[in-house]
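Architecture at a glance
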Amino acid sequence: MYVLVSPCICDPTLRADGITRDDDLRAFAAALDRCREFGVEAVSLPCTETAYLGTPRAPGPYRGRLDTPEFEAVCDEAEREVRNLIARRGPPVCIVGVNSSPTCGVDRWYETDDIRREGRGAFLTRFPDIPAIDVLAFARYRVYLAAPLFSEAERDFNRRLADILEEHWFRVHLPQETGDSSPERMADHTRAIYDQNLAALAEADLVVAVIDGADADSGTAWEMGYASAMGIPVFALRTDFRHAGRHERVNLMLEESSIVSGAVHHLPPLMKSPLSL
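As the structure is a computational prediction, the values presented were derived from the model and not from experiment.

**Observations regarding helix H4 (residues 69-89)**
With 21 residues, H4 ought to run about 30 Å at 1.5 Å a step, and its terminal C-alpha atoms sit 30 Å apart, in line with that. All buried positions along H4 are accounted for by Phe 71, Val 74, Cys 75, Ala 78, Val 82, Leu 85 and Ile 86. Down the axis of H4, the sector holding all buried residues measures 110°, keeping them to one side. Across from the buried face of H4, at angles greater than 90 degrees, the exposed residues are Pro 69, Ala 87 and Arg 88. In the stretch just after H4, Gly 90 is the one whose phi turns positive, near 90°.

See below:
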């Protein structure tokens, strides 16, 4: 199993001068960490910009730099190289690209300094048959699973949900399996449980919250509020068909601060799982 990745993810020195931020480097590293953690090989695409313009080079858009027959020839050769690799190995799960790149953008790319186009960049557009995801989305894979955990049924459901997410290459922090359980909830342990869960929340890229029941579990609601305040995307799962009001499935503060799904199998696509593109 493998993914094709933009070459600068593996080697940021291939990027144009001055455009790489610390956030970019963290995302590149996290994307490669995700691959290693789940046994997925990251195979670098050819760097068509470097092959044509060399390094170092100044940043710039597509128009006026890359809109030449010579660059098209470079892309032709690079495409043949990639197609030969796919013929030998079979299709990749997806391509991990870098948005705004005039060659490796996934959802957007710069045609000129002032015009940003939607869609794939000049090189990735040659592979419409292969799903693609931006590196910033691919790098968000650390999940905090917020859910009630006070009955055997609840804990079993949480574990099954965590298993499904892990099958989609998400690393899941499940409090019930990391010290938050009935035996540990003694007076001298509660602060340690709180601190541990808070630290895991702060490190999460995404929060998945189970909000079934006549009213959402208070601890889960707190965790959702904390994540929302910290700017961490929250995906809420409500399989309960009861509604909180005429227009709300659940408390409106929870609903407005999250993306609410009514079924487990809807979660991976919402979370941009590379296996659901």
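**Topic: the side chain of Asp 240**
Structurally, the position occupied by Asp 240 is in the loop between strand S10 (234-237) and helix H9 (252-256). At 3.0 Å, the side chain of Asp 240 and the backbone nitrogen of Gly 213 are in polar contact. When neighbours within four sequence positions are excluded, Asp 240 is seen to be in contact with Asp 212, Gly 213 and Ala 214.

**Examining the sheet that holds strand S8 (residues 171-173)**
By way of backbone hydrogen bonds, the strands of a sheet pair with one another, either parallel or antiparallel. Reading across from one edge, S8-S7-S9-S10-S11 is the order of the five strands in this open sheet, with parallel pairing throughout. Edge positions in the sheet fall to S8 and strand S11 (259-261), since each of these pairs with one other strand and no more. Sheet twist, expressed as the mean angle between neighbouring strand axes with direction ignored, is 25°. Note that strand S9 (residues 206-210) and S10 share four bridges and pair parallel.

What counts, and where the lines are drawn
- Residues numbered from 1 in each chain as written.
- Predicted model: local features only at pLDDT ≥ 70, side-chain atom pairs only at ≥ 80, totals over all residues.
- Heavy atoms only, no water.
- Helix = DSSP H or I, 4+ residues; strand = E, 2+ residues; numbered from the N terminus.
- Expected span 1.5 Å × (residues − 1).
- Buried < 20%, exposed > 50% of the residue type's maximum accessible area, 1.4 Å probe, protein only.
- Arc of directions from axis to C-beta.
- Polar contact = N/O pair within 3.5 Å; in protein donor to acceptor, adjacent residues only side chain to side chain.
- Contact = heavy atoms within 4.5 Å.
- Pairing = 2+ DSSP bridges.
- Axes fitted to C-alpha atoms, helices over the stretch in contact; angles between N-to-C directions.

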